[in-house]
Every structure is written in C-alpha cells, then in structure tokens.
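# Report on the structure
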Amino acid sequence: MALWQKVAVIFTSFLIIAYACCLPRKLFRVPYSTVVTDRNNQLLGARIAADGQWRFPPRDSVPSKMRQCFICFEDKHFNRHFGVDPLALIRALWQNVRNGHIVSGGSTLTMQVIRLSRQRPRTLTEKAIEAILATRLELRYSKQEILALYASHAPFGGNIVGLDAAAWRYFGHSAESLSWAEAATLAVLPNAPALIHPGKGREKLLKKRNRLLYRLYQQHLLTESDYSLALSEPLPEAPRPLPQLAPHLVNYLGETRNGKHSTTTIEQGLQNQIEALAERWSSEFSRSDIHNLAILVADLQTNEIIAYCGNTHFGTQEGSQVDIIRSPRSTGSILKPFLFYAMLDEGMLLPGTLLP
C-alpha cells in the first residue's frame, strides 16, 4: 500500500471515529422542575427548576395534535430527511440573499434540538456544526424521540420551557388535552416566544396561529367545522398559576426527588374534599387558639396514602408551611390519641372530658 493510501485510510478512520463520538452522551444538562401527579397522572403541583425556569422533566413522546402542528409549522419534511434538509437550506440562503438580511434559518427540527442543547451564538460555523451533529442525532434516536426532545426543551415565552409547562401555564391542562387552536398557538411560539406576552405582538401571534390552522386544514388534518371552531378560540392571557394540591407533599418530594416526575397514590377528587374539610374545621378550631391541623387518609386494603393534607392555609399564615404529618412528636404525644380512644371505647369518659 502506497504512503498516500495509508494516510488516506488513517485520515478516513479518524473522521469516522470523530463523527461517531461527536455527539455528547447527554444532550441537555439543565435542571428540571419537580412535578407531582396523582394516581391518574393529574397534576397536583410543581416546583420551579433551580435556574428559575418552569421546565418539566422531559417527555418520551408528543401528543398527535402537537406532533402534526410542530411538523407542519417547523419542518414539513421531518419524517423523510436525515437530520438536514438541503432544499430548506438552499431556500433559506436564497431568501436571506434576496432580502439582504436573515429571514430564515432553514434548520430542521433535529438541528433545532442541537441548537437548544448547545446554546451557542448563531453563526455560519455553528450552523455547519449543528448540521453535522443533527445527522449523528438521527442515527442515535428515533424521529419520535427527537421530536420529544424538541418539545421538552423549546422556549415558550418568559421563563416557560417545554410543552408540558406551557400547556399548564397558558391553558390550565395537560398537553394531551390541547385543542387544535391551543396546539397551533404553542407550535408557533418557539419561533418567536416573546409574542405570547399580553399587549405585545398579540396580533402577529394570532396571524401566525391562524396561518398554521389554515395549513392543517389544507392538508385535511382539520375538518371544516374543526377549522372554524379553532379560529374562534381566543389566545391565552397571562400565565396561569399551577394547581396547588397537597402542597406539603409536593414540597417533600421536591426535597427528596428534586427535578423528577413523581406519580403518587393520591386521589385528586378525595384530596380536594379533604383539603376543603381541613380548611373548614381549621376555622372552627382557631376560635380555641388551635392553628394547625393535618389529615392523612390511607386505604387499609392496599396500604396506600390516598389523601395528604399536611396543614391548612398553606403559605398564607405563620407556621402553615410546616408539615404536621411529618413533624417529629414525643412518645407521649403519639400515645395520647390512642389512650383517649380506648377510654371513650370503654365508657370511662365523655368527648368533652379533660384527662389529668
């Protein structure tokens, strides 16, 4: 073998190894919000990520409506390209030259995942690196996983990052329950996240949403009635507060499972009833200078906790953030309720009797 052939083999081998190892094993090294759901995956509450962002833990897949909206708006050839869309890049280059400034980047959804993970200045060199890494990403992950990575880390305005946080903060329900109009609104936001703020660019956001809805209608993904109904839906206003059920349990899981999604055995309907009951009795007991009250409900057959109220008036009065259920107690305090019950059961005292 000639010298130049050996050099070519070594150089080619080096390029292959470099390409195989160029993509980091973990793409996103960011903190996530603590998310707590009930046994039916209904949101009980969440705690903001360490960097001040509402960024829910990454999801494994994207709901059908959001998938169609993302692909239709951002990357119509997503299911066919290998991470880079040459035609889109050529079209973007021509548009930028014709307009004299950047009006289109030509990035695929896969390239945008790389850009979101790298967070580097947008230059031609960086664009070339993104293209190379995007092709490598396509070899490692499926299309569904790549779209899920994009949905989980795309910016949606303010400190809201990712599809799940956006769905709850703007519409008050999960991403799986989004209407076509809501899905279209969220699909166009990562392209211009500043437009979501009330009183700033709302008309432009509405036009972008409606253009996407029209495209979906043209592709027969929306029926005529669905299209008309979607156009009539208003844009979201200011971000909504997240549910605040079982806040003491959410705090506890925020300390022990920070940045994770925890599915509990709590029943949301019963939890609502228990918290209302606790608030009502707390008002009664406060007249007797009793200001803390907790309720724990367990299913004795399954040994599962189905309602958890650590205290009342969470965050609105002094001491209310103390979780009475988990607070340490002396042995005597633990035994008193059992002693009181035993004496009631044996008829040795009445409910209002004081024991020395």
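Placed above this text is the structure.
Analysis parameters
- Residues numbered from 1 in each chain as written.
- Predicted model: local features only at pLDDT ≥ 70, side-chain atom pairs only at ≥ 80, totals over all residues.
- Heavy atoms only, no water.
- Core = buried A, V, L, I, M, F, W, Y, C linked by side-chain atoms within 4.5 Å.
- Buried < 20%, exposed > 50% of the residue type's maximum accessible area, 1.4 Å probe, protein only.
- Contact = heavy atoms within 4.5 Å.
- Patch = residues over 30% accessible without salt bridge, like charges linked within 9 Å, V, L, I, M, F, W, Y side chains within 5 Å.
- Areas by Shrake-Rupley, 256 points an atom, 1.4 Å probe, with all protein chains shown as cover.
- Salt bridge = Lys/Arg side-chain N within 4 Å of Asp/Glu carboxyl O.
- Helix = DSSP H or I, 4+ residues; strand = E, 2+ residues; numbered from the N terminus.
- Axes fitted to C-alpha atoms, helices over the stretch in contact; angles between N-to-C directions.
- Left-handed = near helix turned anticlockwise from the far one by under 90°.
- Nonpolar A, V, L, I, M, F, W, Y, C, P; charged D, E, K, R; others polar.
- Parallel < 35°, antiparallel > 145°, perpendicular 65-115°, else oblique.
- Pairing = 2+ DSSP bridges.

Next up on the list: the nonpolar core. In terms of nonpolar packing, the biggest core is built from 64 residues, with Met-66, Phe-70, Phe-156, Tyr-170, Leu-178, Leu-186 and Leu-212 touching the most fellow members. Not counting residues up to four positions away in its chain, the partners in contact with Met-66 are Leu-163, Leu-178, Ala-183, Leu-186 and Ala-187. Residues Leu-44, Ala-246, Leu-249 and Val-250 belong to the second largest nonpolar core, which totals nine residues.

Together, Leu-339, Phe-340, Leu-344 and Leu-355 line one region of the surface with nonpolar side chains, adding up to about 320 Å² of accessible area. Considering the arrangement of structural elements, one finds Phe-340 in helix α13 (residues 331-345). Phe-340 sits in the partly exposed class, given a relative accessible area of 30%.

Moving on: unusual backbone geometry. Phi is positive for Asp-289, which is not a glycine, with a value near 65°. Within the secondary structure, Asp-289 sits in the loop between α12 (268-285) and β6 (295-299).

Time to look at the packing of helix α8 (residues 180-188) against helix α9 (residues 202-218). The N-to-C vectors of α8 and α9 enclose an angle of 115°; their axes lie 9 Å apart at closest approach. Relative to α9, α8 is oriented so that their crossing is right-handed. Facing Trp-180, Ala-181, Ala-184, Thr-185, Ala-187 and Val-188 of α8, the residues of α9 in contact are Leu-205, Lys-208, Arg-209, Leu-212, Leu-213 and Leu-216. Considered class by class, the residues forming the contact of α8 with α9 number nine nonpolar, one polar and two charged.

The next subject is the packing of helix α4 (residues 109-118) against helix α6 (residues 143-153). One way to put it is that α4 packs onto α6 with a least axis distance of 9 Å and a crossing angle of 45°. As judged from the angle between their axes, α4 and α6 are oblique. Like other packed secondary-structure pairs, α4 and α6 cross with a definite hand, here left-handed. Of the residues in α6, those in contact with Leu-109, Thr-110, Gln-112, Val-113 and Leu-116 of α4 are Ile-146, Leu-147, Leu-149, Tyr-150 and His-153. Of the residues contributing to the contact of α4 with α6, the split by class is seven nonpolar, three polar and no charged.

Next up on the list: the pattern of salt bridges. Across all of its chains, the model carries 11 salt bridges by this definition. Taking the shortest distance from any N to any O, the salt bridge between Asp-51 and Arg-55 comes out at 3.0 Å. Glu-126 is the salt-bridge partner of Arg-118, the closest N and O atoms lying 2.6 Å from each other. Arg-118 gets classed as partly exposed once you look at its relative accessible area, which sits at 22%.

Moving on, we get to the sheet that holds strand β2 (residues 43-47). The strand order across the open sheet formed by three strands is β2-β1-β5, and the pairing between neighbours is mixed. The open sheet has two edge strands with one neighbour each: β2 and β5 (261-263). Strand-to-strand twist in this sheet, taken as the mean axis angle between neighbours without regard to direction, amounts to 15°. Summarising the sheet, strand β1 (residues 34-37) and β2 pair through four bridges and their orientation is antiparallel.

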